[in-house]
There are 2 protein chains.
Amino acid sequence: MIRTMSRTPLHPTREQIELPMVLDCLSDPIRLAIVYQLAQQERVSSELCCGDFNGLAGKSNLAYHFAKLRECGLMLTRVAGTNRFMRLRREDMEARFPGLLDAVLSSAAKDADRLQLLSECEVVKAD
Amino acid sequence: MIRTMSRTPLHPTREQIELPMVLDCLSDPIRLAIVYQLAQQERVSSELCCGDFNGLAGKSNLAYHFAKLRECGLMLTRVAGTNRFMRLRREDMEARFPGLLDAVLSSAAKDADRLQLLSECEVVKAD
DNA sequence: TCGATAGTTCAATAAACATTGAACATAGGA
DNA sequence: TCCTATGTTCAATGTTTATTGAACTATCGA
């Protein structure tokens, strides 16, 4: 099966989501920051595109982390033209691991500065 | 500073406990099983010794995982004679990351067989 | 059709990680 | 005092991981 760049990438089904993979994904500071920013955005538009995270790491490094977040079932990528929009798979997470994502997110929020959860441009924008 | 084997090992203070380290610790299946069994035991005696986990891995491998669990602040080791008794640092976890440990534990419980959370002798004992 | 923009994929690298067995340390009991 | 049981520490091994830059693909608009 050929995977070209233009089609939506594969995502695990809800039942395929595994706890160790999710926890491992969230244990990386960059991925935690991505998830955190996606969660912040949920109140507004629920979606962000790759470029919105450019403050966190280089492009190819981000693509690597996005792939991990997709593969573990934490987020969903939708292809639209030359952009990829992502959002958290909140309902799937809640169904599989009730309360887990919220507990991680509020724990992260408490340590927001220690964890450098906001990318530089994000911090600048906050002024 | 010399660390001999007979003294209690170092543990991080409550404030030193870091979210990424905790999540990373819990993302390993063997360590998750250790934490899960410690949590089960809480209803009874709150403590287990190293040997109680022999079904999960070899001795030296277990010692490695115990060290990680201590260093991230998830558990506490008390030396008593030739035994080391461990217990979860529940209150510290709850203070730093409210609801997190319970969410992980109940998520793990849901997938107990998929995750092979009980060591072989534990399963045998359950008969 | 050309160029710019948005991301991905690949190869290479260095660091971190899990696992093993052997050697060691410690305490308790015969 | 010696033997045994309980764990830890160390060195070696192979695997996985994160990070980088360069090459590539795909889409949009002028």
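Not measured: the values here are computed from a predicted model. (Residues numbered from 1 in each chain as written. Chains lettered and ligands numbered in written order. Predicted model: local features only at pLDDT ≥ 70, side-chain atom pairs only at ≥ 80, totals over all residues. Heavy atoms only, no water.)

Peer 1: Explain the relation of the copies chain B and chain A to me, using residue names and the numbers behind them.
Peer 2: Superposing chain B onto chain A requires a rotation of 180° together with a translation of 0.0 Å along the rotation axis, leaving an RMSD of 0.0 Å. Expressed as an axis order, the relation between the two copies is that of a two-fold axis. Interface residue correspondence from chain B to chain A reaches 100%, placing this contact among same-surface, isologous pairings. (Least-squares fit on C-alpha atoms with pLDDT ≥ 70 in both. Contact = heavy atoms within 4.5 Å.)

Peer 1: Describe the layout of surface pockets, listing the residues and the values that go with them.
Peer 2: Residue and element names in this part refer to chain B. Quantified by volume, the largest pocket comes out at close to 590 Å³. Every residue lining the largest pocket is counted, 20 residues in all, and those nearest its centre are Met 5, Cys 50, Ala 63, Phe 66 and Arg 84. Elements that contribute at least two residues to the lining of the largest pocket include exactly α3 (59–71) and β3 (83–88). If you tally residues by element for the lining of the largest pocket, the top one is α3, at six residues. A per-class count over the lining of the largest pocket returns eight nonpolar, seven polar and five charged. (1 Å grid on protein atoms, 1.4 Å probe; cavity = no way out; pocket = protein on both sides within 12 Å on 5 of 7 lines; lining within 4 Å. Points joined across faces, edges and corners; volume = space filled by probe spheres on them. Helix = DSSP H or I, 4+ residues; strand = E, 2+ residues; numbered from the N terminus. Nonpolar A, V, L, I, M, F, W, Y, C, P; charged D, E, K, R; others polar.)

Peer 1: Give me the lowdown on the nonpolar core, citing residues and values where you can.
Peer 2: Formed by 70 residues in total, the largest nonpolar core has its most connected members in Phe53(A), Leu74(A), Leu100(A), Phe53(B), Leu74(B) and Leu100(B). Ignoring any residue separated from it by four or fewer positions in sequence, one finds Leu100(A) in contact with Leu19(A), Leu23(A), Leu100(B), Ala103(B), Val104(B) and Ser107(B). (Core = buried A, V, L, I, M, F, W, Y, C linked by side-chain atoms within 4.5 Å. Buried < 20%, exposed > 50% of the residue type's maximum accessible area, 1.4 Å probe, protein only.)

Peer 1: How would you sum up the pattern of salt bridges? Please name residues and give values.
Peer 2: Pairs can form between side chains of opposite charge whenever their charged atoms are close. Counting across every chain of the model gives 20 salt bridges over all chains. A single network of salt bridges, built from pairs that share partners, joins Glu15(A), Glu18(A), Arg96(A), Asp111(B) and Arg114(B). (Salt bridge = Lys/Arg side-chain N within 4 Å of Asp/Glu carboxyl O.)

Peer 1: Any chance you could break down the pairing of strand β3 (residues 83–88) of chain A for me, citing the residues and the numbers?
Peer 2: All names here are of chain A. Note that strand β1 (residues 48–49) and β3 share two bridges and pair antiparallel. Bridged to Cys 49 within β3 is Phe 85. Examined bridge by bridge, strand β2 (residues 75–80) and β3 share six bridges and lie antiparallel to one another. From the neighbouring strand, Arg 78 faces β3, where its bridge partner is Phe 85. Between β2 and β3, which pair antiparallel in sequence order, lie two residues; one of them, Gly 81, sits at a positive phi of approximately 65°. (Pairing = 2+ DSSP bridges.)

Peer 1: Could you give an account of the confidence of the model for chain A, naming the residues involved and the relevant values?
Peer 2: When pLDDT is averaged across chain A, the result is 90; 89% of the residues are at 70 or more. Below pLDDT 50 for its whole length, residues 123–127 of chain A participates in one contact with residues either more than four positions away or in separate chains. (pLDDT = per-residue confidence, 0-100.)

Peer 1: With reference to specific residues and values, describe the sheet that holds β3(A).
Peer 2: The strands making up a sheet associate through backbone hydrogen bonding, with each pair oriented either parallel or antiparallel. Spatially, β1-β3-β2 (chain A) is the arrangement adopted by the three strands of the open sheet, whose pairing is antiparallel. In this open sheet, the two strands that pair with only one neighbour each are β1 and β2 of chain A.

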